Amino acid sequence: MVTAVETQGASSRKAKKNALSDGQGTLAWILVAPTLAVILFVVGIPIVLSVIESFYKTSNGIDPTTGMAETGTKFVGLENYLNALTSNSTAVDGVFGSMPRLMNAFVNNVWFTVICVVIETILGVAMALIMARAFKGTGLVRAAILVPWAIPTIVSAKLWFVIFQADGVANKILGKEILWLGDSSASQLAVIMADVWKTAPFIGLLTLAGLQTIPAEVYEAAKVDGATAWQQFTRITLPMVKPALVVAVLFRTLDTMRMFDLPYGLIGPNKYSVETLSMFAYNEAVSQRYGPAAAYSILLFLLICLVAFLFIKLLGADVVGDDETRAKTAQRKRMRALHKQQVKRTKANQTITSGESAA
Amino acid sequence: MSTTNLTVPEGQELLTKRELETLNKPKKTGKQIAGTVASLLGIALIIIYCILPFLWMVISSLRLPSEGLSTEFIPNPMSVQNFHIVFNEKNNFFTAIGNSILISTVTTALTLLFGIVAAYALARLRFTGKALVLAIIIGCSMFPAITILVPLLKMFTGNYEWLPIDWMNHYQAAIIPSLSFGLPLCVWNLTAFFRQLPVELEQAAMVDGCTPTTAFRKIILPLAAPGIFTTVILTFIAVWNEYMFAMTFLPDRKKMTAPVSLSQFTGDSAFNIPYGAIMAAGVVVTVPLLAMVLIFQRRIVAGLTAGGVK
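Residues numbered from 1 in each chain as written. Chains lettered and ligands numbered in written order. Predicted model: local features only at pLDDT ≥ 70, side-chain atom pairs only at ≥ 80, totals over all residues. Heavy atoms only, no water.

- The name given to chain B in an unreviewed UniProt entry is Carbohydrate ABC transporter membrane protein 2 (CUT1 family), and the organism recorded there is Luteococcus japonicus.
- Listed in UniProt under the heading Subcellular location (unreviewed entry), the comment for chain B reads: "Cell membrane". (UniProt positions renumbered as here; feature names shortened; annotations may be inferred.)

- Taking an unreviewed UniProt entry as the reference, chain A is identified by name as Carbohydrate ABC transporter membrane protein 1 (CUT1 family) belonging to Luteococcus japonicus.
- What the UniProt record of chain A gives under Sequence similarities (unreviewed entry) is the line "Belongs to the binding-protein-dependent transport system permease family."
- Its UniProt record gives chain A a comment under Subcellular location (unreviewed entry), which states: "Cell membrane".

Set out below in C-alpha cells:
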C-alpha cells in the first residue's frame, strides 16, 4: 500500500531523476518512432483525409452556371451527413421497415452487433466452462476450436453459402424450404449463424485462459462454505474472468460493428436486409462517390469510438494492460483523492493546510 | 441422478428422500460419473460444432463438379476434379496463391522490422507518453478499415493532385493498408511476450559489460524467439485472410489474392455457380493455415490470450 505520506515524498523529490528511467526516454522514443511514423502514414493521415473528404462532394459533369467541366470537388459542409440521414429519397426496404439507406445500414449494424455478441459471449463462456471441466483431451478440443478461427472469413462465407442454398444441407436437416440467401430476415439469421460459428469458439478460448488462472483452492473453500454450483459461478468464476472477458467482448463488439466480408460474401452487395455501414460506405466508395462514402465511414468510426469509450468507462475494460500505465493512473487517482481531502480539510479548518502543498 | 446408486432396501421405507440424498452425497460417485459423462458430451458437441461445417467444405470439394450441391454425406463417387478446375488456366489460382504469399510475407516482414524495436521499448523502457503510444496502437486495431479505404482508394487511383500515382494492381496497394492492422497486432503481441521475460536477464548481461543493444541482440532476441515466431504466424494469418483491401486495390486477375480469387470463381455460365470448385479452393486456402495452427496450437493460444486482440 502506498500511503499519502509516500506519495507526498515522491512529489517533493521531483527534481531528482528516477534512477530506473534515467535516459531511457530518448532511446524509447527513437525505438517507437518508426512504428508511429508508419501508423501516422497508413492510419493517421488517411483518417484526417477521410474527415476532410466527408465535407466535399465530387461532381462529375458540367457545372450548370459556368458551363465548364467540373473535375474537382466542392465543399458542401455537412450535406453528406445530413442528406443521408434526413432525405427520404434513398429509402430502402430492409428487415426493419422502409427507411433511408444509411439508417437501414445503421440499424442492421446495431442489430447484428448486439445479437451476435450476446450469443457469442454466452456460447463462448459455456464452451469455456465445459472445456475447463474436461481435463483430458484439451489438445484435441483446442485444435478443433481453432478451426473456425483460422478459416478466412470470406472462405467461411462461401462455405455457409453452400450450406444455406435453397436445396442445400441446412434445409435438408431442418426439413424446410427456407430461402436463406434471399434478401430477407432469413438471410440475417444466416449471417448471424455464420458469425457465431466463427467467433464463439474464439471467445471460449480466451475465457478458458481466464478460467485457468483461478486457483482450485478458491472453489474448494467455497464448497466448504456450502456454496452451490450457481453461486460459485456468479460469485467466483464470473468476477474472476471478467477482466479477460470484457476485453474479449469489447474487441468482438468492435469487430462485429465493422463487419464486411461475411455478409458481402454470403448474401452479396446491395442486399438491404444485411447491409452494414461498412458495406454501404464501400458501395459508395467504389461508385466514386467519395464524399458520402467518407461521411458514412466517419459515422461508423465515431460510433465505434463511442462504444469503445463506454466499454472502457462503464465496464472498466483494461485494454492497455500495462503495469506502468496502470500504476500511473492509480497514482493520479490517489493524488486527486488526496487533493479533494485537503480541500475539504482546508474548508473545515484553515490551520491544517501548512506544509501540505502536494497535488 | 444422485439416487441411482442407492436403492431403497426392503423394509427400510422409513428413509426419506432427503435422507437418501444426504447418505449419497459423501460418496458422490453417481454424480461424478454423470458430471464426467456430461462434460465429455459437451466436449464432443463443441468439437462437432466447430469441425462439422469445415468438414462439409471438404466433403463438398470431393464431389463431382456436376454434383456441387448434393447433400449426400459421403461423396459418391469421390472425385478430385474440383481441384483440377481450381488449378486450371482460367482461374489463375496458382498465381493468386503466389500473390497472397508474397503480400503476406512482405507485410509480416515489415511489421516485424518496425514492431520488434517498438515492442521492446514499450515492454521494457520507461518514458513519458507511453500510455499515449499504447493507446494509439490499440486504437489502430479498433477503427474500421473502411474509414481508411476511402482516402486510400482516392490516393492510389491518382485522384489527389498532390499525389500523382497509380497504384491500382500494384502489390504495395495491398501491402500498405495491411500494415494498418498488421503492425498494431504485431507490436501488441510482441510487447506481451517481451513483458513475460524477466528483466533481470538484461540487467545481468549489462553488469557483465554488455551494452543495452548487445543485451537485446544476444540475450533477449533468442529468448523471445518463440514469441516472435507466434507473432509472425498471427500476423501472417491476419494478412492472408484480409479481403476488402485486396479486393479493392488488386482487381486484376494476375494480381488478385487467393481469398479474392476464390470468391470470384465463375462457372460456365452466369447461372452456373461452381460450388464444388469454390469449396475446393477454400480447402486449398485453408489447409496450410490449419496445418500451421494445429502444429503450433499451444503457442498460438498463448499468443492469442497474451495479446487478447483479434
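Structure shown, so let's carry the discussion forward.
1. A closer look at the overall build of chain B
Alright, step 1. Counting its secondary structure elements, chain B contains 13 helices and zero strands.
Alright, step 2. When its helices and strands are written in sequence order, chain B yields α-α-α-α-α-α-α-α-α-α-α-α-α.
Alright, step 3. The buried share of chain B, taken over its 310 residues, is 50%.
Alright, step 4. Pairs at least 24 apart in sequence give 66% of the contacts found in chain B among residues at least 6 apart.
Alright, step 5. On chain B, roughly 14,400 Å² of surface is accessible, and the fraction owed to carbon and sulfur atoms is 66%. (Helix = DSSP H or I, 4+ residues; strand = E, 2+ residues; numbered from the N terminus. Buried < 20%, exposed > 50% of the residue type's maximum accessible area, 1.4 Å probe, protein only. Contact = heavy atoms within 4.5 Å. Areas by Shrake-Rupley, 256 points an atom, 1.4 Å probe, with all protein chains shown as cover.)

2. Brief notes about the UniProt feature "transmembrane region" (unreviewed entry) in chain B
Residues and elements named next belong to chain B.
Alright, step 1. Within this numbering scheme, the UniProt entry marks residues 33-59, 101-122, 131-153, 173-194, 215-240 and 273-296 as carrying the feature "transmembrane region" (unreviewed entry).
Alright, step 2. The span residues 101-122 is 100% helical and 0% strand by assignment, and the distance between its end C-alpha atoms comes to 30 Å.
Alright, step 3. Counting secondary structure, residues 131-153 comes out at 83% helix and 0% strand; the distance between its end C-alpha atoms is 32 Å.

3. With respect to the environment of Glu177(A)
Alright, step 1. Examined against the element boundaries, Glu177(A) turns out to sit in the loop between helix H7 (169-174) and helix H8 (185-211).
Alright, step 2. Separated by 11 residues in the primary sequence, Glu177(A) and Ala166(A) have C-alpha atoms spaced 6.5 Å apart.

4. Quick look at the nonpolar core
Alright, step 1. Counting 190 residues, the largest nonpolar core has Trp149(A), Leu266(A), Phe93(B) and Phe194(B) as the members making the most contacts within it.
Alright, step 2. Ranked by residue count, the leading element in this core is H8(A), at 14 residues.
Alright, step 3. Apart from the residues within four sequence positions on either side, Leu266(A) is in contact with Ala157(A), Trp160(A), Phe161(A), Leu181(A), Ala190(A), Val191(A) and Ala194(A). (Core = buried A, V, L, I, M, F, W, Y, C linked by side-chain atoms within 4.5 Å.)

5. Examining the packing of helix H5 (residues 138-150) of chain A against helix H12 (residues 275-295) of chain B
Alright, step 1. Close contact between H5(A) and H12(B) brings their axes to 10 Å; oriented N to C, the two are set at 145°. The element H5(A) and its partner H12(B) pack so that their crossing is right-handed. Contacts from Ala143(A), Leu146(A), Val147(A), Trp149(A) and Ala150(A) of H5(A) reach H12(B) at Leu289(B), Leu290(B), Val293(B) and Leu294(B).
Alright, step 2. In terms of residue class, the contact of H5(A) with H12(B) is made up of nine nonpolar, no polar and no charged. (Axes fitted to C-alpha atoms, helices over the stretch in contact; angles between N-to-C directions. Left-handed = near helix turned anticlockwise from the far one by under 90°. Nonpolar A, V, L, I, M, F, W, Y, C, P; charged D, E, K, R; others polar.)

6. Digging into the pairing of strand E6 (residues 97-100) of chain A
Residues and elements named next belong to chain A.
Alright, step 1. Alignment of strand E5 (residues 91-94) against E6, held across four bridges, turns out to be antiparallel. Residue pairing in the sheet places Ala91 in a bridge with Pro100 of E6.
Alright, step 2. In this antiparallel pair of consecutive strands, E5 and E6, the connection spans two residues. (Pairing = 2+ DSSP bridges.)

7. Focus: the UniProt feature "transmembrane region" (unreviewed entry) in chain A
Residue and element names in this part refer to chain A.
Alright, step 1. Under the feature "transmembrane region" (unreviewed entry), the UniProt entry names residues 26-49, 110-131, 143-163 and 293-312.
Alright, step 2. Taken end to end, residues 110-131 comprises 100% helix and 0% strand; its first and last C-alpha atoms sit 31 Å apart.
Alright, step 3. The distance from the first to the last C-alpha atom of residues 143-163 is 23 Å, and the span holds 90% helix and 0% strand.

8. Digging into the interface of chain B and chain A
Alright, step 1. Taken together, the contact pairs 95 residues of chain B with 93 residues of chain A.
Alright, step 2. When chain B packs against chain A, close to 8,400 Å² is buried across both sides, 78% of that on carbon and sulfur atoms.
Alright, step 3. Among the residues chain B hides against chain A, the three largest losses belong to Tyr49(B), Arg126(B) and Met142(B). Together they make up 9% of the total.
Alright, step 4. In this structure, the salt-bridge partner of Lys154(B) is Glu53(A), at a minimum N-O distance of 2.8 Å. (Buried area = accessible area lost by both parts, 1.4 Å probe. Salt bridge = Lys/Arg side-chain N within 4 Å of Asp/Glu carboxyl O.)

9. Overview of the domain arrangement of chain A
All names here are of chain A.
Alright, step 1. Splitting chain A by domain gives domain 1 (35-75) and domain 2 (78-320).
Alright, step 2. Taking the mean C-alpha position of each, domain 1 and domain 2 sit 32 Å from one another.
Alright, step 3. Counting each side, the surface lost to burial between domain 1 and domain 2 is near 820 Å², with a carbon and sulfur contribution of 56%.
Alright, step 4. Run the count over domain 1 and domain 2 and you get four residue pairs in polar contact (both at pLDDT 80 or more).
Alright, step 5. Among the secondary structure elements, those contributing two or more residues to the side of domain 1 that touches domain 2 are helix H2 (24-53) and strand E1 (56-58).
Alright, step 6. Of all the elements, H2 adds the most residues to the side of domain 1 that touches domain 2, at four residues.
Alright, step 7. Along the lines of polarity and charge, the residues of the side of domain 1 that touches domain 2 split into four nonpolar, three polar and two charged. (Domains from an automatic or database assignment. Polar contact = N/O pair within 3.5 Å; in protein donor to acceptor, adjacent residues only side chain to side chain.)

10. Re the confidence of the model for chain B
Alright, step 1. For chain B, the average pLDDT comes to 84, and 88% of its residues sit at 70 or higher.
Alright, step 2. For this predicted complex, the interface score ipTM comes out at 0.83, while the overall pTM is 0.83. (pLDDT = per-residue confidence, 0-100.)

11. Overview of the pattern of salt bridges
Residues and elements named next belong to chain A.
Alright, step 1. Scanning the model with the defined rule gives nine salt bridges over all chains in all.
Alright, step 2. Between Asp255 and Arg252 there is a salt bridge; the shortest N-O distance is 3.2 Å. Placement of the pair is Asp255 and Arg252 together in helix H10 (residues 229-257), with a separation of three residues, close to one helical turn.
Alright, step 3. The shortest N-O distance in the salt bridge between Asp255 and Arg258 comes to 2.6 Å.
Alright, step 4. For Asp255, a relative accessible area of 26% corresponds to the partly exposed category.
Alright, step 5. The exposure class of Arg258 is buried, given its relative accessible area of 14%.
Alright, step 6. Within this structure, Glu120, Asp195, Arg252, Asp255 and Arg258 form a network of salt bridges that share partners.

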